[in-house]
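Close look at the chain arrangement
Residue strings, one per chain:
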Amino acid sequence: MDIHRRNNVTVTGPDDGPVVVLAHGFGCDQNMWRLIVPALAKQYRVVLFDYVGSGGSDLSTWSQERYSSLHGYAQDVVEVCDELDLERAVFVGHSVSAMVGVLAARAAPQRIGALVMVTPSPCYIDGDGYRGGFSTEDIEDLLASLESNYLGWSSAMAPVIMGNPDRPELGQELTNSFCATDPDIARVFARTTFLSDSRDDLQSVHVPTLVLECTEDAIAPREVGAYVHAAIASSRLVTLDATGHCPQLSAPEATAEAILDFLRDVRGEPRG
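On a predicted model such as this, the values are computed, not experimentally measured, just so you know.

Moving on, we get to the overall build of the protein. Scanning the protein from terminus to terminus reveals eleven helices and seven strands. A compact globule built from 272 residues should have a C-alpha radius of gyration of about 19 Å, and the protein, at 17 Å, falls within 12% of that. Here the C-alpha coordinates of the protein stretch approximately 50 × 40 × 35 Å along the principal axes. Of all 272 residues assigned to the protein, the portion counted as buried reaches 57%.

Below, the structure is given as structure tokens:
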């Protein structure tokens with residue numbers, strides 16, 4: 001199988017640079033990283049891809065059975081890393097992809113040497129003293145709305161997810177990204193995302209990890225960032241001066257700088 005074509009793999013930056021892999025979240029594609037790629041690509045070899053079913057991926061290779069589990073997406077990551085023969089890459093995962101990165105690092109520890117988790121959530125549903133931000137009824141209503149009218153759901157929810165109501169162009173960009181996704185594929189990815197519970201998987205992380213959260217996030221409240229940080233002994237928690245769930249778009253400079261600071265520390269380089 002042509003993994004480059006299947007996952008629309010693109011690579012930029014110096015060929016001999018340390019490798020950073022950028023992974024998008026639900027309803028998005030690699031274009032969501034475009035504002036921070038230039039800063040990273042000055043020194044790092046940046047690998048971008050689309051999960052099967054998203055963006056410019058080969059939709060003919062999508063299967064409901066594989067992508068009804070986060071492990072299916074993790075397998076995409078491992079296969080991209082294998083195809084490029086990556087070693088000890090830094091995996092940057094946005095939203096649900098943060099948990100995909102955890103699974104991929106466990107499955108192929110030789111491929112992934114550090115994690116950056118951008119607005120992660122291991123579980124969206126409250127329970128057992130844990131605050132994920134949503135009740136079971138909230139998630140059931142969200143999925144029912146998505147499944148009955150995906151385009152309408154996208155138009156209503158994208159601005160909420162993005163935040164920053166004073167910058168409506170950001171919400172519109174996310175709306176457009178959602179609407180470009182095949183509704184049937186989006187329904188499966190949404191259930192995989194919002195019904196997953198990866199809290200126990202956090203215990204398997206033993207690589208340097210950066211947890212990036214925003215001051216306000218309707219999808220992953222700050223209690224979630226604190227939980228992830230506490231669960232991963234090798235982690236650092238950074239709260240960006242940003243709002244919304246997609247700081248790579250709403251605050252790209254701050255997001256890029258936080259990632260670069262972490263990369264310098266991982267490599268033992270001076271900051272600045």
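There's plenty left to go through after this.
Running from N to C, helix H6 (residues 150–162) and helix H7 (residues 168–179) point in directions that differ by 145°, and their axes come no closer than 8 Å. You can see that H6 and H7 cross each other, and the crossing is right-handed. Of H7, the residues touching H6 (which contributes Tyr 150, Leu 151, Trp 153, Ser 154, Ser 155, Ala 158, Pro 159, Ile 161 and Met 162) are Leu 170, Gly 171, Leu 174, Thr 175, Phe 178 and Cys 179. Within the contact of H6 with H7, the residues separate by chemical class into eleven nonpolar, four polar and no charged.

Glancing now at the sheet that holds strand E4 (residues 89–94). The strand order E1-E3-E2-E4-E5-E6-E7 describes an open sheet built from seven strands, whose pairing is mixed. Each end of this open sheet is capped by a strand with a single partner; those strands are strand E1 (10–12) and strand E7 (235–243). Averaged over all pairs of adjacent strands, the angle between strand axes in this sheet comes to 20°, irrespective of strand direction. Both E4 and strand E5 (residues 112–118) contribute to a ladder of six bridges, which runs parallel. The partner of Gly 93 across the bridge, within E5, is Met 117.

Attention now goes to the layout of surface pockets. Looking at the largest pocket, its volume works out to about 170 Å³. Along the wall of the largest pocket there are 13 residues; nearest its centre are Pro 18, Arg 88, Val 90, Val 266 and Arg 267. Breaking the lining of the largest pocket down by element, the ones donating at least two residues are strand E2 (19–23), E4, E5 and helix H11 (252–266).

Before going further, it helps to examine the pattern of salt bridges. Applying the stated criterion across every chain, the model contains 17 salt bridges. Arg 111 serves as the salt-bridge partner of Asp 85, at 2.9 Å between the closest nitrogen and oxygen. Pair noted here: Asp 85 is in the loop between helix H3 (70–84) and E4 and Arg 111 is in the loop between helix H4 (96–107) and E5, with a separation of 26 residues, a long-range link. The residue Asp 197 makes a salt bridge to Arg 199 at a minimum N-O spacing of 2.7 Å. Given a relative accessible area of 16%, Arg 199 falls into the buried group.

Moving on to the packing of aromatic side chains. Tallied over the full model, the rule gives twelve aromatic pairs. Taking 6.1 Å as the distance between ring centres and 75° as the angle between the ring planes, the aromatic pair formed by Phe 26 and Trp 153 counts as edge-to-face. Residue Phe 26 is found in the loop between E2 and helix H2 (37–41), and its partner Trp 153 is found in helix H6; the two are separated by 127 residues along the sequence. Classification of Trp 153 by relative accessible area gives buried; the value is 4%. With 5.1 Å between their ring centres and 90° between their planes, Phe 49 and Tyr 51 make a pair best called edge-to-face. An identical accessibility class is assigned to Phe 49 and Tyr 51; each is buried. Taken together, the aromatic side chains of Phe 26, Phe 49, Tyr 51, Tyr 67, Tyr 73, Tyr 124, Tyr 150, Trp 153, Phe 178, Phe 189 and Phe 194 make up a single cluster linked through ring pairs. Note that Arg 199 overlies the ring of Tyr 130, its terminal NZ or CZ placed 4.6 Å from the centroid.

On to the nonpolar core, then. Counting 72 residues, the largest nonpolar core has Val 77, Met 117, Leu 174 and Phe 178 as its most contacted members. Sequence-distant contacts of Leu 174, that is, excluding residues within four places in its chain, are made with Cys 28, Met 32, Ala 158, Ile 161, Met 162 and Cys 246. If you look at the next biggest cluster of nonpolar residues, it comprises 27 residues, including Leu 22, Val 90, Val 118 and Cys 214.

Rules behind the numbers
Residues numbered from 1 in each chain as written. Predicted model: local features only at pLDDT ≥ 70, side-chain atom pairs only at ≥ 80, totals over all residues. Heavy atoms only, no water. Helix = DSSP H or I, 4+ residues; strand = E, 2+ residues; numbered from the N terminus. Rg over C-alpha atoms; globule rule 2.2 N^0.38 Å. Buried < 20%, exposed > 50% of the residue type's maximum accessible area, 1.4 Å probe, protein only. Axes fitted to C-alpha atoms, helices over the stretch in contact; angles between N-to-C directions. Left-handed = near helix turned anticlockwise from the far one by under 90°. Contact = heavy atoms within 4.5 Å. Nonpolar A, V, L, I, M, F, W, Y, C, P; charged D, E, K, R; others polar. Pairing = 2+ DSSP bridges. 1 Å grid on protein atoms, 1.4 Å probe; cavity = no way out; pocket = protein on both sides within 12 Å on 5 of 7 lines; lining within 4 Å. Points joined across faces, edges and corners; volume = space filled by probe spheres on them. Salt bridge = Lys/Arg side-chain N within 4 Å of Asp/Glu carboxyl O. Phe/Tyr/Trp six-rings, centres within 6.5 Å; stacked < 30°, edge-to-face > 60°. Lys NZ or Arg CZ within 6 Å of the ring centre and 35° of its normal. Core = buried A, V, L, I, M, F, W, Y, C linked by side-chain atoms within 4.5 Å.

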